[in-house]
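Structure at a glance
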Amino acid sequence: PSYLSEIKFRPRRITVTSDVNDVIKPCNWIVLAIPSAFLDATLQKIKVSLKDKYIVSGVKGIGPESKYIVGDHLHQNFDLPWDQFLVIAGPSHAEEVALERLSYLTLACTKKSNAVELNKLMHTKYIHAKTSKDVVGVEYRKYTKFKKCQKQGGLSLIIWRADMTLNEKRTAHHRMTNLLSGPQQ
């Protein structure tokens, strides 16, 4: 309604459906651009194979029920190889991109050539992107840059270091999630 009132859509290029499988089946590249609050419910509806699909996440956050970042969820529940999962991150908002305002993004994938390919597909005069192989680190940074956590009366600050291994990042993520969710009932 009033969210993107300044943008002119091209109706002939838009197909509307309520079935996520109808969207995924004919496509090679799928961009997830949904609020994280709806992530788990949306991913549970996927019944088609993701084999040979490239999934690009613009989601900022984790699944509210699974507590997984998008890449972990797709890898564990759909056997999606990490080199077919990509992350878009940056300080840009969808409405800024739609209005063709200058935007700087990071495109990450464990297979850098896939991030380079996505960069080619997205390249415009107003989108400038850098590529990275640190897909998990970029995905975590989208929602955790600096989280202040209360623990045993002290204040902890979780900061991702460039030299952290994947397991260190996942361990830190699980500890942070447990801290933020509070005592278990």
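See the structure shown above.
For the structure given in this document, a descriptive report is provided here. (Residues numbered from 1 in each chain as written. Predicted model: local features only at pLDDT ≥ 70, side-chain atom pairs only at ≥ 80, totals over all residues. Heavy atoms only, no water.)

Let us look at the overall build of the protein chain. Along the protein chain, the regular secondary structure elements total seven helices and seven strands. For the protein chain, the N- to C-terminal ordering of α and β elements is α-β-α-β-α-β-α-β-α-β-α-β-β-α. Within the span of the protein chain, comprising 185 residues, buried residues form 36% of the whole. Considering only intrachain contacts with a sequence separation of at least 6, the fraction spanning at least 24 residues in the protein chain is 63%. Surface summary for the protein chain: the accessible area is close to 12200 Å², and the carbon and sulfur share equals 53%. (Helix = DSSP H or I, 4+ residues; strand = E, 2+ residues; numbered from the N terminus. Buried < 20%, exposed > 50% of the residue type's maximum accessible area, 1.4 Å probe, protein only. Contact = heavy atoms within 4.5 Å. Areas by Shrake-Rupley, 256 points an atom, 1.4 Å probe, with all protein chains shown as cover.)

Before going further, it helps to examine the nonpolar core. With 24 residues, the main nonpolar core has Leu32, Leu50, Ile55, Val70, Leu74, Phe85 and Val135 as its most contacted residues. Breaking this core down by element, the ones donating at least two residues are strand E1 (29-32), helix H2 (39-44), helix H3 (70-78), strand E3 (85-89) and helix H6 (135-144). With four residues, H6 is the single largest residue contributor to this core. Dropping the residues within four chain positions of it, Leu32 is found in contact with Leu43, Ile55, Val56, Ser57, Gly58, Val59, Val70 and Leu74. Core analysis: the next-biggest nonpolar cluster, separate from the first, contains eleven residues, Ile88, Leu105, Leu107 and Tyr126 among them. (Core = buried A, V, L, I, M, F, W, Y, C linked by side-chain atoms within 4.5 Å.)

Let us now look at the environment of Ile127. Considering the arrangement of structural elements, one finds Ile127 in strand E5 (residues 127-132). The spacing of Ile127 and Ser92 is 35 residues in sequence and 9.8 Å in space, taken between C-alpha atoms. When neighbours within four sequence positions are excluded, Ile127 is seen to be in contact with Val97, Ser103, Leu105 and Met122.

All right, on to empty space enclosed by the protein then. Empty space among the atoms becomes apparent when a probe as large as a water molecule is rolled across them. Tallying each qualifying case throughout the model produces one cavity of 30 Å³ or more. Volume-wise, the largest cavity comes out at about 30 Å³. Ile24, Ile30, Leu32, Leu43, Ile46, Leu50, Ile55 and Leu74 are the residues that line the largest cavity. Residue composition of the lining of the largest cavity, grouped by class: eight nonpolar, no polar and no charged. (1 Å grid on protein atoms, 1.4 Å probe; cavity = no way out; pocket = protein on both sides within 12 Å on 5 of 7 lines; lining within 4 Å. Points joined across faces, edges and corners; volume = space filled by probe spheres on them. Nonpolar A, V, L, I, M, F, W, Y, C, P; charged D, E, K, R; others polar.)

By volume, the largest pocket is sized at about 2300 Å³. The wall of the largest pocket is formed by 46 residues, among which Phe9, Val31, Ala33, Ala94 and Val97 lie closest to the centre. Elements with a contribution of two residues or more to the lining of the largest pocket: helix H1 (20-24), E1, E3, helix H4 (94-98) and helix H5 (112-122). When its residues are assigned to classes, the lining of the largest pocket shows 29 nonpolar, nine polar and eight charged.

Counted under the stated rule, the structure contains two aromatic pairs. Look at Trp29 and Tyr54: their rings are 4.6 Å apart centre to centre, the planes differ by 20 degrees, and that puts the pair in the stacked class. Placement of Trp29 in strand E1 and of Tyr54 in strand E2 (residues 54-57) is noted, with a sequence separation of 25 residues between them. Overall, the relative accessible area of 25% leaves Trp29 in the partly exposed class. Taking relative accessible area as the criterion, Tyr54 reaches 25% and is therefore assigned partly exposed. (Phe/Tyr/Trp six-rings, centres within 6.5 Å; stacked < 30°, edge-to-face > 60°.)

Of the positions making up H5, those classed as buried are Asn114, Ala115, Leu118 and Asn119. End-on view of H5: buried residues confined to an arc of 145 degrees, all on one side of the axis. Packed against the buried residues of H5 are E1, E2, E3, strand E4 (103-108) and E5. (Arc of directions from axis to C-beta.)

Turning next to the pairing of E1. On a regular strand, one side chain projects to one face of the sheet and the next to the other, so that they alternate. Only one face of E1 is buried, namely the one carrying Ile30 and Leu32, since none of Trp29 and Val31 on the opposite face is buried. Sheet topology places E1 next to E2; four bridges connect them, and they run parallel. Pairing of Ile30 across the sheet is with Ile55, part of E2. Each parallel crossover has a hand, and the one from E1 via H2 to E2 is right-handed. (Pairing = 2+ DSSP bridges. Right-handed = clockwise from strand over helix to strand, strands pointing away.)

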